[in-house]
Amino acid sequence: MVIAIIAILAALLLPALASAKARAKSISCLNNMTQIMTATKMYVNDNNGTMIPLWIQQGVAGWPAWSYDAATFVVQNPQNPGTEYLWWPDKLRLDNLLAAQNVFNCPALTVPATLSHGQSGSSKYTLGIGMNYPEYGHIIPTAGNPDPVYGSAGENQVTRPSQSIVFADAGYISNPDDDYDNWVEDPATADTYFRVPSDTGAYQGDFTRSVPRHSKRVNTAYFDGHVALIRNSDIGYDLDRTNSAALWTKNNNGDGP
């Protein structure tokens, strides 16, 4: 009888404990995003209002060279020597704006991001907090290979900072035709970026997206520095970029349809 009562109590308590644990991980993820956004704003302030790039290719004129270190780098895909990419998490670290590698992980994830798309995988870290590409995460390739979308991003381009998402939970989704709030990421594909509709060249083929991994909600960080847990569908991916309800763009000033 006692054993039966214990079993019943356990059956009642375990779902509540699991839910509380999931909420704690979501809150921890939001805290990581807050730190990342604070460091990003510091970078913007230190660089005349220019946003930190998604990645920089080794050898670009005007950018300092770096040495890849597998022991300390968050993104562990150096490419070929001399042509590797420096992704934004490691740029923030090397600029002494954010030191801890684990802050770039979403705590809800459990396996390293070895299958990440866009050459931004990691054999040590789960990743999963991604920068909005290309609205904010412009790329800096070597001469002759300009960013196919935007050459830069800066604070003077942002019309509504409190309604413009810079970072979000990110991964490669397996069901792009499903409802936004039901998107599911494949294992080990958590990433350091997510694509939005202005990336017309790859948006329909590379399904690296914002992911509602927290009880069908997605953690988001905005250009003004605040963070929020929202429905993925509230980002407004079907809306025109100037629509005031489109949170995925820099210039959602309400002039669109």
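What counts, and at which threshold
Residues numbered from 1 in each chain as written. Predicted model: local features only at pLDDT ≥ 70, side-chain atom pairs only at ≥ 80, totals over all residues. Heavy atoms only, no water. Pairing = 2+ DSSP bridges. Helix = DSSP H or I, 4+ residues; strand = E, 2+ residues; numbered from the N terminus. Buried < 20%, exposed > 50% of the residue type's maximum accessible area, 1.4 Å probe, protein only. Phe/Tyr/Trp six-rings, centres within 6.5 Å; stacked < 30°, edge-to-face > 60°. Lys NZ or Arg CZ within 6 Å of the ring centre and 35° of its normal. Contact = heavy atoms within 4.5 Å. Core = buried A, V, L, I, M, F, W, Y, C linked by side-chain atoms within 4.5 Å.

## Some words on the sheet that holds strand β2 (residues 85–87)
Spatially, β2-β1-β4 is the arrangement adopted by the 3 strands of the open sheet, whose pairing is mixed. Unpaired on one side and paired on the other, β2 and β4 (139–140) mark the two borders of the sheet. Sheet topology places strand β1 (residues 55–57) next to β2; 3 bridges connect them, and they run antiparallel. Each residue of the ladder has a partner; that of Trp-55, found in β2, is Trp-87.

## With respect to unusual backbone geometry
Here the bond from Tyr-133 into Pro-134 is cis, since omega is 10 degrees, no more than 30 degrees from zero. Mapped onto the fold, Pro-134 is located in the loop between β3 (129–133) and β4. The phi angle at Leu-127 is positive, at roughly 55 degrees, despite the residue not being glycine. Tracing the chain through its elements places Leu-127 in the loop between α2 (88–94) and β3. By relative accessible area, Leu-127 is classed as buried at 0%.

## Thoughts on the packing of aromatic side chains
Within this structure, the stated rule accounts for 10 aromatic pairs. Geometrically, the ring pair formed by Trp-87 and Tyr-193 is stacked, given 6.0 Å between the ring centres and 25 degrees between the ring planes. With Trp-87 in strand β2 and Tyr-193 in strand β6 (residues 193–195), this residue pair connects regions lying 106 residues apart in the sequence. Site record: aromatic cluster; members linked through ring pairs are Trp-88, Phe-104 and Phe-167. A cation sits over an aromatic face here: Lys-41 above Phe-223, 3.9 Å from the ring centre. Seen from the ring of Tyr-150, Lys-250 lies directly overhead, with NZ or CZ sitting 4.1 Å from the centre.

## Some points on the pairing of β3
Counting buried positions along β3 yields 5 of 5 residues, so the element is predominantly enclosed. Sheet analysis places β3 next to strand β5 (residues 165–172), joined by 3 bridges and oriented antiparallel. Among the inter-strand pairings, Ile-129 is bridged to a residue of β5, identified as Asp-169. With 3 bridges joining them, β3 and β6 adopt parallel strand pairing. Across the sheet, residue Met-131 finds its bridge partner in β6, namely Tyr-193.

## A word on the environment of Ser-244
Along the chain, Ser-244 falls in the segment after β9 (227–230). Between the alpha carbons of Ser-244 and Gly-254 there is a distance of 4.3 Å; along the sequence they are 10 residues apart. For Ser-244, the contacting residues outside a window of four places in its chain are Arg-160, Asn-252 and Gly-254.

## Section: the nonpolar core
Within soluble globular proteins, side chains that are nonpolar generally end up buried alongside one another. Counting residues in each nonpolar core, the largest one holds 37 residues, and the members touching the most others are Met-51, Leu-54, Trp-88, Leu-92, Phe-104 and Phe-167. Of all the elements in the fold, those that place two or more residues in this core are α1 (2–46), β2, α2, β3 and β5. Of all the elements, α1 adds the most residues to this core, at 7 residues. Counting residues in hydrophobic clusters, the runner-up holds 18 residues, among them Ala-168, Ala-170, Ile-230 and Tyr-237.

## Thoughts on the environment of Arg-160
Looking at where Arg-160 falls in the secondary structure, it is placed in the loop between β4 and β5. Linking Arg-160 and Phe-223, residues 63 residues apart in sequence, is a C-alpha distance of 8.4 Å. Residues contacting Arg-160, with those up to four places away along its chain left out, are Ser-244, Lys-250, Asn-252 and Asn-253.

## Some remarks on the pairing of strand β8 (residues 218–222)
Counting buried positions along β8 yields 5 of 5 residues, so the element is predominantly enclosed. In terms of strand pairing, β8 meets β9 through 4 bridges, oriented antiparallel. Bridge pairing links Ala-221 to Val-227 in β9. Linkage of β8 to β9, two consecutive antiparallel strands, is achieved through a turn of 4 residues, within which Gly-225 is found at a positive phi near 110 degrees.

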